[in-house]
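# Observations on the three-dimensional arrangement
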Amino acid sequence: MTLLDGKTLSSLIQNDIKKQTDELKKKGVTAGLAVVLVGDDSASHLYVKMKEKACEDAGIYSIVHKMPSSISEENILETIAMMNKNPNIDGILVQLPLPRHVNQTKVLEAIDAAKDVDGFHPFNIGRLVAGLDGFVPCTPLGVMRLLEHYKIDVKGLNACVVGASNIVGKPMMNLLLNAFATVDICHIYTKDLASHTKQADLLIVGVGKAGLITKEMVKEGAIVVDIGVNKVDGKLVGDVEFEGVAPKCSFITPVPGGVGPMTIAMLLSNTIKAAKGRVL
Ligand code: GUN
């Protein structure tokens, strides 16, 4: 069993991005990321702090627009319109979830698709589905980069994705399909989840439920990617029962230190991609 070490790979990627930001600076361009953070969800605040720190280390300028949860949708849309026009901002990210009174779709659609470094705009979703170049959501993109790094070719594999969110499961499904895996996608209404997961050469789980995947549900020799982030008794764990499942796997991601750091590395990578658009 080999651990898919996202922590080490993400620091290699971040070093490479630093070189690219240095090159861009020689051409007079400082890559810039704007983050919109609404409300006081502690996990969102933590994620945004991590994103800010990663930008700083990689030589990317970042600005966080913090807004109270009482903010109007109109105000958020005005902030986005301002950042769309700002030539120093290459990437715009609205941290989710948004408060319930705000229409998330409307907010995400207001972001200029050329600055949509989260890849949540329908324009970029459409390009991903069609297999065209665009911005791809950071977590599933990070999973693909991690698999590539370990020379895992997904072509022809039976892949099972558990979780069908817009942020993780659906784009993951499309990336795998574009790479010619045979993809089975499961969700809350799936009957007999184990009958699906047991068929998988590549099992990717992003649900947010600790202990969801047990050893009985995993095929011998499978590659297991755990995107879940759960706190149990103050400890960070994924959706996969690591102790039981790991011995059956050819490869498995640890939590923490697997997919999480890759997500941030891909955000930096998407921001650089957007910034390069300025000098092309
Ligand atoms: N909330 C949970 N995951 C994400 C993410 O990848 N991007 C944003 N913007 N918000 C999130």
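Per-chain numbering applies: the sequence of each chain, read as written, is numbered from 1 onward. In keeping with the predicted nature of the model, local features appear solely for residues at pLDDT of at least 70, side-chain atom pairs appear and are counted solely at 80 or more, and the whole-chain, interface and lining totals rest on all residues. Only hydrogens and water are removed before side-chain values are computed, so all heavy atoms of the structure are retained for them.

## Topic: the overall build of the chain
Working definition: helices are DSSP H or I runs of at least four residues, strands are E runs of at least two. Numbering for both runs from the N terminus. Across its full length, the chain holds ten helices and eleven strands. When we talk radius of gyration, it's over C-alpha atoms, and the globule rule is simply 2.2 Å times the number of residues to the 0.38. Over its C-alpha atoms the chain spans a radius of gyration of 19 Å, differing by no more than 12% from the 19 Å that the globule rule assigns to 280 residues. Structurally, the chain occupies a C-alpha span of about 50 × 45 × 40 Å along its principal axes. Scored against the burial criterion, the 280 residues of the chain give a buried share of 48%. Relative accessibility thresholds used throughout: buried, under 20% of the residue-type maximum; exposed, over 50%; partly exposed, between the two (1.4 Å probe, protein chains only).

## Some points on the pattern of salt bridges
The salt bridge definition used is simple: a Lys or Arg side-chain nitrogen within 4 Å of an Asp or Glu carboxyl oxygen. Under the counting rule described, the total for this entry stands at eight salt bridges. The salt bridge involving Asp22 is made with Lys18; its shortest N-O contact spans 3.0 Å. Separated by four residues within a single helix, Asp22 and Lys18 lie in helix H1 (residues 6-26), roughly one turn from each other. A relative accessible area of 32% places Asp22 in the partly exposed class. The partly exposed category is assigned to Lys18, whose relative accessible area is 32%.

## Observations concerning the site of the ligand
Surrounding the ligand, one finds Lys51, Leu93, Val94, Gln95, Leu96, Asp118 and Phe120. Two N or O atoms count as a polar contact when they lie within 3.5 Å, although within protein this holds only if one can serve as hydrogen donor and the other as acceptor, and sequence-adjacent residues are included solely when both atoms are side-chain atoms. The contact in question runs from a nitrogen atom of the ligand to an N or O atom on the side chain of Gln95, over 3.3 Å. Between a nitrogen atom of the ligand and a side-chain N or O atom of Asp118, the distance comes to 2.6 Å. Gly is put with the polar residues, along with every residue not named as nonpolar or charged; the nonpolar set is Ala, Val, Leu, Ile, Met, Phe, Trp, Tyr, Cys and Pro, and the charged set is Asp, Glu, Lys and Arg. When grouped by side-chain class, the residues that make up the shell around the ligand number four nonpolar, one polar and two charged. When at least one non-hydrogen atom of a residue lies within 4 Å of a molecule or strand, that residue is treated as near it.

## Section: the side chain of Asn174
Mapped onto the elements, Asn174 comes out in helix H7 (residues 169-178). Relative accessible area serves as the criterion here: at 11%, Asn174 is assigned to the buried category. Non-local contacts of Asn174, meaning those with residues more than four positions away in its chain, are made with Leu128 and Val129. In this analysis, two residues are considered to be in contact whenever any of their non-hydrogen atoms come within 4.5 Å of each other.

## As for the packing of H1 against helix H2 (residues 42-58)
Lines are fitted to the C-alpha atoms to define the axes, a helix being fitted only along its stretch in contact, and any angle between axes, read from their N-to-C directions, falls within 0 to 180 degrees. Running from amino to carboxyl end, H1 crosses H2 at an angle of 55°, the nearest separation of the two axes being 8 Å. Of the possible angle classes, the one that applies to H1 and H2 is oblique. Between H1 and H2, the residues in contact are Gln14, Ile17, Lys18 and Thr21 and Ala54, Asp57 and Ala58, respectively. For the contact of H1 with H2, a count of residues per class yields three nonpolar, two polar and two charged. Roughly parallel means an angle under 35 degrees; roughly antiparallel, over 145; roughly perpendicular, 65 to 115; everything else is oblique.

## Some points on H1
The span one expects for a helix is its residue count, reduced by one, times 1.5 Å. Across its 21 residues, H1 extends 30 Å between first and last C-alpha, which sits within 8% of the 30 Å expected from 1.5 Å per residue. Turning to H1, its buried residues number three or more, namely Gly6, Leu9, Ser10, Ile13, Gln14, Ile17, Gln20, Thr21 and Leu24. End-on, the buried residues of H1 take up no more than an arc of 135°, which puts them together on one face. In H1, those exposed residues whose orientation departs by more than 90 degrees from the buried face are Asn15, Lys19 and Lys26. Contact partners of the buried residues in H1: H2, helix H6 (138-149) and helix H10 (259-279). Note: the arc covers the axis-to-C-beta directions of the helix.

## A closer look at the packing of aromatic side chains
Ring geometry is summarised as follows: Phe, Tyr and Trp rings, the Trp one being its six-membered ring, pair when their centres sit within 6.5 Å, and such pairs are stacked at plane angles under 30 degrees, edge-to-face over 60 and tilted between the two. For the coordinates displayed, the defined rule picks out one aromatic pair. Centre to centre, the rings of Tyr150 and Phe251 are 6.3 Å apart; their planes meet at 65°, and the pair counts as edge-to-face. Of this pair, Tyr150 sits in the loop between H6 and strand S5 (158-162) while Phe251 sits in strand S11 (residues 251-252), and the two are 101 residues apart along the sequence. Here, a charge over a ring means that NZ of Lys or CZ of Arg falls within 6 Å of the ring centre while also lying within 35 degrees of the ring normal. Lying across the ring of Phe135, Lys273 places its NZ or CZ 5.6 Å from the centre.

## Description of the pairing of strand S7 (residues 202-205)
Side-chain direction in a regular strand flips from residue to residue, so the side chains alternate between the two faces of the sheet. Every second residue of S7 is oriented toward a common face, with Leu202 and Ile204 on one face and Leu203 and Val205 on the other, all of them buried. Direction of pairing for S5 relative to S7: parallel, over a ladder of four bridges. Following the sheet pairing, Val161 is matched in S7 by Ile204. Whether two strands pair depends on DSSP finding at least two bridges between them.

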